[in-house]
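Report on the structure
These are the residues of each chain, in order.
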Amino acid sequence: MNPSTRTSATLIGGILAAELLAIAALPVHAQDHPFVVDAPHKTTYLNGGIGSDEEHYMRTIAQDWPLRMTFAQSPGGEFVAGVRLLVTDIKGEPYLQLNDAGPMTYARLPAGKYRIVASYQGRSETREVVIDGKSGRGEVFDWQHKAG
């Protein structure tokens, strides 16, 4: 089995495991694995996209995720990680909170209106998005690099 096939098989196995955990409603937090079920709303998310293989894989499954967030820094649009991320419903109830998101974070959220706050190097962006339950929503957060 070549390395690319092994990587895909590992990621597919991880997705299946995450889905089974979500069905069982068991919260799991693993630092070295991108699939996590986050309490209290049991939000399943995928966080990663580092390296060309992982980025390609995430792009191929993007249509299966209602909310897709990408984090970058201009000029050049280089991907960034280490983003503090908070996704709440419009009433402020948290659905997803990560201290080290990126460069790509996908979330399975029910239809509704959400507020996203993404912070990178002390600068925050806030957006309100609507998940309609039919088509996915992609959001790109792009911070301008400020020279010292």
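Below is a summary of the structure that appears in this document. Just so you know, these numbers come straight off a predicted model, no measurement behind them.

Rules behind the numbers
Residues numbered from 1 in each chain as written. Predicted model: local features only at pLDDT ≥ 70, side-chain atom pairs only at ≥ 80, totals over all residues. Heavy atoms only, no water. Helix = DSSP H or I, 4+ residues; strand = E, 2+ residues; numbered from the N terminus. Contact = heavy atoms within 4.5 Å. Core = buried A, V, L, I, M, F, W, Y, C linked by side-chain atoms within 4.5 Å. Buried < 20%, exposed > 50% of the residue type's maximum accessible area, 1.4 Å probe, protein only. Arc of directions from axis to C-beta. Polar contact = N/O pair within 3.5 Å; in protein donor to acceptor, adjacent residues only side chain to side chain. Salt bridge = Lys/Arg side-chain N within 4 Å of Asp/Glu carboxyl O.

Focus on the environment of Thr-126
In this fold, Thr-126 is placed in strand 9 (residues 123-131). When the C-alpha positions of Thr-126 and Val-87 are compared, they lie 9.8 Å apart, and in sequence the two are 39 residues distant. Not counting residues within four places of it along the chain, the set of residues in contact with Thr-126 comprises Arg-115, Ile-116 and Val-117.

What to know about the nonpolar core
One finds Phe-71 and Leu-85 to be the most contacted residues of the largest nonpolar core, which totals 22 residues. Only strand 3 (67-74), strand 5 (83-89), strand 6 (94-101), strand 8 (112-120), strand 9 and strand 10 (137-144) provide two or more residues apiece to this core. With residues near it in sequence (within four places) discarded, Leu-85 still touches Met-69, Phe-71, Leu-96, Gln-97, Leu-98, Ala-101, Thr-105, Ile-116, Val-117 and Ala-118. Leu-46, Tyr-57, Trp-65 and Met-104 belong to the second-largest nonpolar core, a separate cluster that totals eight residues.

Describing helix 2 (residues 52-61)
Turning to helix 2, its buried residues number three or more, namely Tyr-57, Met-58 and Ile-61. Buried residues of helix 2, seen end-on, are gathered within an arc of 95° and therefore sit on one face of the element. Turned more than 90 degrees away from the buried face of helix 2, the exposed residues are Ser-52 and His-56.

Comments concerning the side chain of Thr-43
Mapped onto the elements of the fold, Thr-43 is located in strand 2 (residues 43-48). A polar side-chain atom of Thr-43 sits 2.6 Å from the main-chain carbonyl oxygen of Tyr-95.

Side note on the pattern of salt bridges
Enumeration according to the criterion identifies six salt bridges in this entry. Where Arg-59 meets Glu-55, a salt bridge forms, and the shortest distance between an N and an O atom there is 3.1 Å. Here Arg-59 and its partner Glu-55 are both found in helix 2, four residues apart, which amounts to about one turn of the helix. Judged by relative accessible area, Glu-55 falls into the partly exposed class, the value being 23%. The residue Glu-128 makes a salt bridge to Arg-115 at a minimum N-O spacing of 2.6 Å. Taken as a pair, Glu-128 in strand 9 and Arg-115 in strand 8 lie far apart in primary sequence, 13 residues in all. By relative accessible area, Arg-115 is classed as partly exposed at 28%.

A word on the environment of Asp-100
Among the secondary structure elements, Asp-100 is positioned in strand 6. Taking the C-alpha atoms as reference, Asp-100 lies 9.7 Å from Tyr-120; in sequence the two are 20 residues apart. Contacts of Asp-100, omitting those with residues within four sequence positions, involve Asn-47, Ala-81, Gly-82 and Val-83.

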